[in-house]
There are 2 protein chains.
Amino acid sequence: MFLFHAPRVENGECLFSAAESHHCAKVLRLLPGQEVWVTDGEGSLYGAELSVVSDKACMARVREVLRRPGEEGNKRPQTHIVLAPTKNIDRTEWFLEKATEVGLGRITFVCTEHSERKVVKDERVRGVLLAAMKQSQQAWLPLSDSMMPLKEYVEGRERRLLPEESYPQKFIAYCGEEYPKKDFLSVLEPDRGVEVIIGPEGDFSPAEVEFCVRNGYTPVSLASTRLRTETAALLAAWGAVLKKNALR
Amino acid sequence: MFLFHAPRVENGECLFSAAESHHCAKVLRLLPGQEVWVTDGEGSLYGAELSVVSDKACMARVREVLRRPGEEGNKRPQTHIVLAPTKNIDRTEWFLEKATEVGLGRITFVCTEHSERKVVKDERVRGVLLAAMKQSQQAWLPLSDSMMPLKEYVEGRERRLLPEESYPQKFIAYCGEEYPKKDFLSVLEPDRGVEVIIGPEGDFSPAEVEFCVRNGYTPVSLASTRLRTETAALLAAWGAVLKKNALR
């Protein structure tokens, strides 16, 4: 079943974005009457029927509500990754896709002392997140923040979260030895929201780790082997979901 | 510390392959006297000193033995992934890299009824595994099998394993509903070897699942969301390591 994203549903009609409309009309070449799924990216999933198919403005009429936020445990994934993106942006995009496939609440990009990359294209990030959400047939579109300095991120953290978001477990993953580190998967409580800050290829500086520790972050080690930045980010993103399933 | 791979160490001398020599001499431009690490890819790790640096045949003299197979739990990773490779080979190569970073015992490529890809370049696969082993500073090079039909793989399975390999937990991951599926992470015993067969984008056929079930494979579901082939393979590859750490 094809899944489309439509941010707004009014009077039982979903209006697709220009990009989604083009995909529907010109790439998939669907026709009016086709049954589709539509999500608003905020937990709702509808069974719908295409009513208007055009390159710029497809519309679909809602036939049934398949999922509502808040019902049967359907809530935004409780994982927030704060990441210094990789020099090779493909690697970061790969991480965004794989993290979203299993379930990601929010991604924030930060610039740190040893950052290799200072600029990230927000539109491109959003495109990757959207495609991954649709491909994995989920109803939650990960929230995303544009790049900002690490200090600015930590200081304004609570201000940026939506009321439904809560990531009380705060970790900073790094390779250095200046601070004692706990083992992430051992200390992680899978039923509470979790945030993990992942450093760049050159790691965090001791001063950056100290700053985060003073702001309530627990230094952790993610694995016994040395991981690339994007691999560390994915292990952190998958951690809570995997631990919850492993303990069932 | 730079880590190099040298399959043989004779009389305390490591002889690098042509590719490793080129990397050492022309890319990294190291000089005689440089301290390096050398692994044979079979669990041994040596501290060594470069003695000869040339484009074709670098050599290093062993100064100390840092790790030996069998000591302090240093054994080949106990995970074997059997994979129908993706149409886009980049995705499979991402998987190989990420699986190796955390620890992979063996990778076997199979061709199935719905396979998108019938050919895999073994040399390229080996290159990706080698680079990932070195980058993550491990001493075990994942074993790899060239592509073969699924049936041929299953029927000749035991024959191909080395004496030290043992993957008693045998799973087949697939999306269909013809057979009851267990949840992989729930049933997985993290301290025993595990093998997981991952299907192509089009999934296994019911006949293929039946064949594997008759040969001792347990059908499993890997996650509650729909995963891409290479994502499923990575979750399976990381599963045992993550569960072991999560339970500590």
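Residues numbered from 1 in each chain as written. Chains lettered and ligands numbered in written order. Predicted model: local features only at pLDDT ≥ 70, side-chain atom pairs only at ≥ 80, totals over all residues. Heavy atoms only, no water.

Draft legend 1. Summary view of unusual backbone geometry. Residue and element names in this part refer to chain A. With a phi close to 50°, Glu72 is a non-glycine residue in the positive phi region. Relative to the helices and strands, Glu72 resides in the loop between strand E6 (59-67) and strand E7 (79-83). Since its relative accessible area comes to 85%, Glu72 is described here as exposed. (Helix = DSSP H or I, 4+ residues; strand = E, 2+ residues; numbered from the N terminus. Buried < 20%, exposed > 50% of the residue type's maximum accessible area, 1.4 Å probe, protein only.)

Draft legend 2. Just the environment of Ala139 of chain A, in detail. By the secondary structure assignment, Ala139 of chain A is in the loop between helix H3 (122-135) and strand E9 (143-149). In this structure, the C-alpha to C-alpha distance between Ala139 of chain A and Gly41 of chain A, residues 98 residues apart in sequence, is 5.0 Å.

Draft legend 3. Region of interest: the sheet that holds strand E6 (residues 59-67) of chain B. Residues and elements named next belong to chain B. Across the sheet, which stays open at both edges, the six strands sit in the order E1-E4-E5-E6-E3-E2 with mixed pairing between neighbours. Single-partner strands in this sheet number two, and they are strand E1 (3-5) and strand E2 (9-10). Strands in contact with helix H3 (residues 122-135) are E1 and strand E4 (35-39); relative to E1, the strand with the most contacts, it is inclined by about 145°. (Pairing = 2+ DSSP bridges. Contact = heavy atoms within 4.5 Å. Axes fitted to C-alpha atoms, helices over the stretch in contact; angles between N-to-C directions.)

Draft legend 4. Examining the sheet that holds strand E12 (residues 194-198) of chain A more closely. All names here are of chain A. The strand order E9-E8-E7-E12-E10-E13-E11 describes an open sheet built from seven strands, whose pairing is parallel. Two strands bound the open sheet, and with one partner strand each, they are E9 and strand E11 (182-183). In terms of strand pairing, E11 meets strand E13 (residues 218-221) through two bridges, oriented parallel. Paired with Lys182 across the bridge in E13 is Val220. Relative to E7, helix H8 (residues 229-246) is tilted by about 165°, and along the sheet it contacts E7 and E12.

Draft legend 5. Looking closely at the packing of helix H2 (residues 89-102) of chain B against helix H8 (residues 229-246) of chain B. All names here are of chain B. Close contact between H2 and H8 brings their axes to 9 Å; oriented N to C, the two are set at 5°. One way to sum up the angle between H2 and H8 is to call them roughly parallel. Touching Arg91, Phe95, Lys98, Ala99 and Val102 of H2 are Glu230, Ala233, Leu234, Ala237, Trp238 and Val241, all from H8. Broken down by class, the residue content of the contact of H2 with H8 amounts to eight nonpolar, no polar and three charged. (Parallel < 35°, antiparallel > 145°, perpendicular 65-115°, else oblique. Nonpolar A, V, L, I, M, F, W, Y, C, P; charged D, E, K, R; others polar.)

Draft legend 6. Geometry of the interface of chain A and chain B. Facing 29 residues of chain A, the contacting portion of chain B comprises 28 residues. Summing the contributions of chain A and of chain B, the shared interface buries around 2,900 Å²; its carbon and sulfur component is 59%. On the chain A side of the interface with chain B, the three residues burying the most area are Trp94, Arg226 and Leu242 of chain A, jointly 19% of the side's total. On the surface where chain A and chain B come into contact, there are six salt bridges. The shortest N-O distance in the salt bridge between Glu230 of chain B and Lys98 of chain A comes to 2.7 Å. Run the count over chain A and chain B and you get 16 residue pairs in polar contact (both at pLDDT 80 or more). Counting residues per element, the ones that place at least two in the side of chain A that touches chain B are helix H2 (89-102), helix H6 (184-187) and H8 of chain A. Examining the composition of the side of chain A that touches chain B, we find that nine residues originate from one element, H8 of chain A, more than from any other. Taken together, the residues of the side of chain A that touches chain B sort by class into ten nonpolar, eight polar and eleven charged. (Buried area = accessible area lost by both parts, 1.4 Å probe. Salt bridge = Lys/Arg side-chain N within 4 Å of Asp/Glu carboxyl O. Polar contact = N/O pair within 3.5 Å; in protein donor to acceptor, adjacent residues only side chain to side chain.)

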